[in-house]
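# Secondary and tertiary structure notes
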Amino acid sequence: MATTTPRQLAALAAQVCDEKKAKGIVVLDVRKITTISEYFIVCSTSNERQARAIADELRVQFKGMGIREMGVEGLDDARWVLQDFGDIVLHIFHESQREFYDIEGLWADAKQVRWKKASKKS
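These lines cover the structure that appears in this document, whether it is placed above or below. Just so you know, these numbers come straight off a predicted model, no measurement behind them.

Rules and cut-offs
Residues numbered from 1 in each chain as written. Predicted model: local features only at pLDDT ≥ 70, side-chain atom pairs only at ≥ 80, totals over all residues. Heavy atoms only, no water. Pairing = 2+ DSSP bridges. Helix = DSSP H or I, 4+ residues; strand = E, 2+ residues; numbered from the N terminus. Axes fitted to C-alpha atoms, helices over the stretch in contact; angles between N-to-C directions. Contact = heavy atoms within 4.5 Å. Phe/Tyr/Trp six-rings, centres within 6.5 Å; stacked < 30°, edge-to-face > 60°. Buried < 20%, exposed > 50% of the residue type's maximum accessible area, 1.4 Å probe, protein only. Core = buried A, V, L, I, M, F, W, Y, C linked by side-chain atoms within 4.5 Å. Polar contact = N/O pair within 3.5 Å; in protein donor to acceptor, adjacent residues only side chain to side chain.

## Points about the sheet that holds strand 4 (residues 80-84)
- Read from one edge of the open sheet, six strands run 3-4-5-2-1-6, paired in mixed fashion. In the strand order of this sheet, the two ends are held by strand 3 (71-73) and strand 6 (111-113), each with one partner. Direction aside, the axes of adjacent strands within the sheet are offset by 20° on average.
- Inspection of the sheet shows strand 1 (residues 23-29) paired to strand 2 (residues 39-45) by five bridges, in the antiparallel sense. Of the residues in strand 2, the one forming a bridge with V27 is I41.
- Helix 1 (residues 6-19) contacts strand 1, strand 2, strand 5 (88-94) and strand 6 of the sheet and is inclined by roughly 5° relative to strand 2.
- Helix 2 (residues 48-64) rests against strand 2, strand 3, strand 4 and strand 5 of the sheet, and its axis sits at about 165° to strand 5.

Shown next, in the form of structure tokens:
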């Protein structure tokens with residue numbers, strides 16, 4: 001079985017967010033500025049049910065790959081869900097909370113990573 005890199009896991013997490021219609025999806029490479037994780041994925045949702053659906057789908061997909069969720073916080077009110085998979089940490093914000101907590105600003109030294117393949121334009 002091929003090993004999946006943390007960067008590939010981050011891209012997969014971003015794709016799950018995208019498939020569940022999250023907005024403002026950003027992947028941050030935090031390897032050079034912290035030891036707690038390698039990548040942060042940040043996205044916004046418009047409602048709590050959407051946030052829970054993203055967290056549930058990612059848990060299911062990663063479990064199928066043999067990757068265990070190390071912890072999750074915030075599912076009760078789903079205004080800021082933090083899902084920890086070790087090498088990657090997913091931050092799912094309700095639209096009203098994302099600007100307030102400003103994860104991208106707090107981790108401004110992190111490099112943004114492209115996670116979508118370039119689309120071919122006709």
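## Side note on the packing of aromatic side chains
- Evaluated as defined, the whole model comprises six aromatic pairs.
- When the centroid spacing of 5.0 Å and the interplanar angle of 85° are considered together, the rings of F40 and W107 count as edge-to-face. Taken together, the residues F40 in strand 2 and W107 in the loop between helix 4 (103-106) and strand 6 connect sequence positions 67 residues apart.
- Note on W80 and Y101: the rings are 4.5 Å apart at their centroids and 45° apart in plane angle, and the pair reads as tilted. Pair noted here: W80 is in strand 4 and Y101 is in helix 3 (residues 95-101), with a separation of 21 residues, a long-range link.
- Here W80 falls in the partly exposed class, since its relative accessible area comes to 27%.

## Here we look at unusual backbone geometry
- In this structure, A78 is a non-glycine residue whose phi angle is positive, near 55°.
- Exposure remark for A78: the relative accessible area of 0% places this residue in the buried category.

## Digging into the nonpolar core
- Within the largest apolar cluster, 28 residues are counted, with the highest numbers of intra-cluster contacts made by C17, I25, V27, I41, F62, I88 and I92.
- Elements represented by at least two residues in this core include exactly helix 1, strand 1, strand 2, helix 2 and strand 5.
- For I88, the residues in contact, after removing those within four places along its chain, are P6, L9, A10, A13, S37, Y39, I41, F62 and Q83.
- Among the nonpolar cores identified, the runner-up in size contains six residues, and V26, L28, V30 and V89 belong to it.

## A few points about the side chain of Q50
- Counting through the fold element by element, Q50 comes out in helix 2.
- Overall, the relative accessible area of 13% leaves Q50 in the buried class.
- Of the polar contacts made by the side chain of Q50, one reaches the backbone oxygen of K21; its length is 2.9 Å.
- Contacts of Q50, omitting those with residues within four sequence positions, involve K20, K21, A22 and T45.

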